Amino acid sequence: MNLWIAIPIIVFTYIGIALGTWPVLRVNRTTLTLLGVGLLLVTEQVNFETMKGYIDFDTLVLLFSMMVIIACLELSGFFSLAAGALIKIAHSPHSLLAAEILIVGVLAALFLNDTICLMVTPIVLEIALALERNPMPYLIALPTAANIGSAATLTGNPQNIVIGIASGISYVDFLKSLIVPAVLGLALVWIVLVLLYPKEFQTLHFERPQIRQPRPFRPLLDKSLIVTGLMLAAFLVGVPIALAAFLAACAMLFTRRVKPEKIMSRVDWSLLVFFAALFVISGVMEDSGITLALMNGILHPLVRGSAVGLSLITVALSNLVSNVPAVLLLRPVVRALPNPRAGWLTLAVASTFAGNLTLLGSVANLIVAERAARRNVQLKFWEYTRAGLIITALSLVVGVVWIGLFIWK
């Protein structure tokens, strides 16, 4: 491998991932990463046969399986029922915000945070507009709660899926370790937004809005809930999460009532391709010694075996190149730590909480802003960042202190 060729290609790829595009070219992060892999192949920096060994099959299977399960839950009307529960619980702006944060946080922990934001944003907007409330605090609460809630489990977000497969930490161990900072983080979201929007939360009571009643597809809903429950039970008893999720997805697809095209059209194939290409890029970096040089020269001295150092590096990288590429870059660093388990858990918290920093910090944030814009509600960059900066700082302090006191030993 010629480092004078490999390094410029890898730098080109990661700059594209950070920017999301390149001038003149009509590309996105997925196509840019594929272009990077293609350039490595053309210049013979990686062999086509060797490339297959870089791809983490378990991670891709788990991610695909969760997408199938979420698609079935969506088609069954599950998320509309969750919104109905939100309306029944809420009697005031305070309780509406609290119920939204709690429901979104729990759903994001069980399933993928980005998908929860995609499903719930129109419902939250409909409720806020029907009540004639300021939609901004409720919109900001949605991605911040989804990101923080997703940190609690291995299946809450894509970066945790990567961490779970790489670390071998069990679902139960991961949950027990991070549920406290996740719950405290959700409480901080509520406190920060109530303080930042005092006028919105002066009202002590409101009447329930007239919202369209959900019409679930009962056969698919019952099946989806049973299969999902069995999958979660399998996680808890120690069945490998990729295997349990894949079998659950297969059970979901065994149906006479739903056309497979409806389910498969909701699978984010672009994200799966992005992951596969990223695995190749990171594998080339490890084999070429680039990652080792970064680890010994820059990352390891900054980390120094502490939760604080690793968290700061993770936050910086997550906001430069996004959280999944940051996790892949930091995998060798964490493996080399004296306490890799604590390192993996720190990486999960820091990379996930860092996504709340700005509107561009995570895909979940952008999904909410884009879906809101379709209803002519503009969630502007600084409007979000004003709250996101405080929420990120406070939640990271809570997470790092928790890990430093109880996990990093």
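Residues numbered from 1 in each chain as written. Predicted model: local features only at pLDDT ≥ 70, side-chain atom pairs only at ≥ 80, totals over all residues. Heavy atoms only, no water.

**Student:** It is not clear to me how the overall build of the chain should be interpreted in this structure. Could you clarify?
**Tutor:** What the chain contains, in helices and strands, is 20 helices and zero strands. Dimensions of the chain, computed from the C-alpha atoms along their principal axes, are close to 70 × 50 × 50 Å. Here the chain holds 409 residues, and the buried ones make up 56% of them. Within the chain, contacts between residues at least 6 apart in sequence are counted, and of these 79% link residues at least 24 apart. Working note: accessible area of the chain is about 17,900 Å², and carbon and sulfur atoms make up 67% of it. Counting 27 positive and 19 negative side-chain charges, the chain places the centres of these two groups 6 Å from one another. (Helix = DSSP H or I, 4+ residues; strand = E, 2+ residues; numbered from the N terminus. Buried < 20%, exposed > 50% of the residue type's maximum accessible area, 1.4 Å probe, protein only. Contact = heavy atoms within 4.5 Å. Areas by Shrake-Rupley, 256 points an atom, 1.4 Å probe, with all protein chains shown as cover. Lys, Arg positive; Asp, Glu negative; His and termini not counted. Charge placed at Lys NZ, Arg CZ, Asp CG, Glu CD.)

**Student:** For this particular structure, what's the right way to read the packing of aromatic side chains?
**Tutor:** One pair of aromatic rings is described through two measures. These are the centre distance and the angle between the planes. The tally for this structure, following the rule as stated, stands at six aromatic pairs. Seen from their ring centres, F275 and F279 are 6.3 Å apart, and the 75° between their planes marks the pair as edge-to-face. Separated by four residues within a single helix, F275 and F279 lie in helix 14 (residues 269–288), roughly one turn from each other. F279 sits in the buried class, given a relative accessible area of 1%. (Phe/Tyr/Trp six-rings, centres within 6.5 Å; stacked < 30°, edge-to-face > 60°.)

**Student:** Help me understand the packing of helix 16 (residues 307–321) against helix 17 (residues 323–335), please; the structure alone is not making it clear to me.
**Tutor:** Each packed pair of helices is defined by two parameters, the angle between the axes and the distance between the axes. Contact pair helix 16 / helix 17: the axes reach a minimum separation of 7 Å and the direction vectors enclose 145°. In this structure, the crossing between helix 16 and helix 17 has a hand that is right-handed. On the side of helix 16, the interface is formed by L310, I313, T314, L317, S318 and V321, while helix 17 contributes N323, P325, A326, L330 and V334. (Axes fitted to C-alpha atoms, helices over the stretch in contact; angles between N-to-C directions. Left-handed = near helix turned anticlockwise from the far one by under 90°.)

**Student:** How should helix 2 (residues 29–42) be read in this particular structure?
**Tutor:** Think of an α-helix as turning once every 3.6 residues; residues three or four places apart then point the same way. Taking 1.5 Å as the rise per residue, helix 2 with 14 residues should run 20 Å; its terminal C-alpha atoms sit 20 Å apart, in good agreement. Within the sequence span of helix 2, burial applies to T30, L32, T33, G36, V37 and L40. Turning to helix 2, the residues buried within the fold contact helix 1 (3–19), helix 3 (48–51) and helix 14. Looking at where helix 2 begins, the residue whose side-chain oxygen comes 3.1 Å from the main-chain nitrogen of T30 is N28. In the stretch just after helix 2, E44 is the one whose phi turns positive, near 60°. (Expected span 1.5 Å × (residues − 1). Polar contact = N/O pair within 3.5 Å; in protein donor to acceptor, adjacent residues only side chain to side chain.)

**Student:** I tried to follow the pattern of salt bridges on my own but got confused; where do I start?
**Tutor:** Applying the stated criterion across every chain, the model contains six salt bridges. The shortest N-O distance in the salt bridge between D222 and R218 comes to 3.5 Å. Here D222 and its partner R218 are both found in helix 11 (residues 218–237), four residues apart, which amounts to about one turn of the helix. Given a relative accessible area of 34%, D222 falls into the partly exposed group. (Salt bridge = Lys/Arg side-chain N within 4 Å of Asp/Glu carboxyl O.)

**Student:** What is the right way to look at the nonpolar core in this model?
**Tutor:** Side chains of nonpolar character tend, in soluble globular proteins, to be buried together. Residues Y14, F275 and L379 are the most contacted members of the largest nonpolar core, which totals 145 residues. Excluding anything up to four places from it in sequence, L379 contacts M136, L139, I140, L359, V368, A369 and Y384. (Core = buried A, V, L, I, M, F, W, Y, C linked by side-chain atoms within 4.5 Å.)

**Student:** Explain unusual backbone geometry to me, please; I cannot follow it from the model alone.
**Tutor:** Negative phi characterises most residues that are not glycine, and trans characterises most peptide bonds. Although it is not a glycine, E132 adopts a positive phi angle of roughly 60°. Considering the arrangement of structural elements, one finds E132 in the loop between helix 7 (113–130) and helix 8 (136–150). With phi around 60°, N376 is a residue other than glycine that occupies positive phi space. Relative to the helices and strands, N376 is located in the loop between helix 19 (363–373) and helix 20 (381–406). A relative accessible area of 71% places N376 in the exposed class.

**Student:** Just to check I follow, could you spell out the side chain of S282 for this structure?
**Tutor:** With respect to the helices, strands and loops of the structure, S282 is situated in helix 14. The exposure class assigned to S282 is buried, which follows from its relative accessible area of 2%. Apart from the residues lying within four places of it in its own chain, the contact partners of S282 are L328 and R331.

**Student:** Where do I start with the environment of T203 in this structure?
**Tutor:** With respect to the helices, strands and loops of the structure, T203 is situated in the loop between helix 10 (171–196) and helix 11. Residues T203 and S92, 111 residues apart in the sequence, show an inter-C-alpha distance of 6.9 Å. Sequence-distant contacts of T203, that is, excluding residues within four places in its chain, are made with P93, H94 and R133.

**Student:** In this structure, what is going on with the side chain of T59? I would like to understand it.
**Tutor:** Mapped onto the fold, T59 is located in helix 4 (residues 57–76). Using a relative accessible area of 0% as the deciding quantity, one classes T59 as buried. If near-sequence neighbours (up to four positions away) are discounted, T59 is found in contact with I161, V162, I165, F275 and F279.

**Student:** How do you make sense of the packing of helix 8 against helix 20 when you look at a structure like this?
**Tutor:** The contact between helix 8 and helix 20 brings their axes to 11 Å, and the two run at 35°. Handedness of the crossing formed by helix 8 with helix 20: right-handed. Contacts between helix 8 and helix 20 involve M136, I140, P143, T144 and I148 from the former and E383, Y384, A387, I391 and S395 from the latter.

**Student:** Can you walk me through the confidence of the model for the chain in this structure?
**Tutor:** The pLDDT averaged across the chain works out to 86; a share of 94% of its residues lies at or above 70. Ranking the elements of the chain by mean pLDDT puts helix 15 (residues 290–303) last, at 66, and helix 10 first, at 96. (pLDDT = per-residue confidence, 0-100.)

**Student:** Please clarify how a nonpolar patch on the surface should be interpreted in this entry.
**Tutor:** Taken together, the side chains of M1, L3, I7, V11, I15 and L19 present a nonpolar region at the surface, about 510 Å² in accessible area. Mapped onto the elements of the fold, I7 is located in helix 1. (Patch = residues over 30% accessible without salt bridge, like charges linked within 9 Å, V, L, I, M, F, W, Y side chains within 5 Å.)

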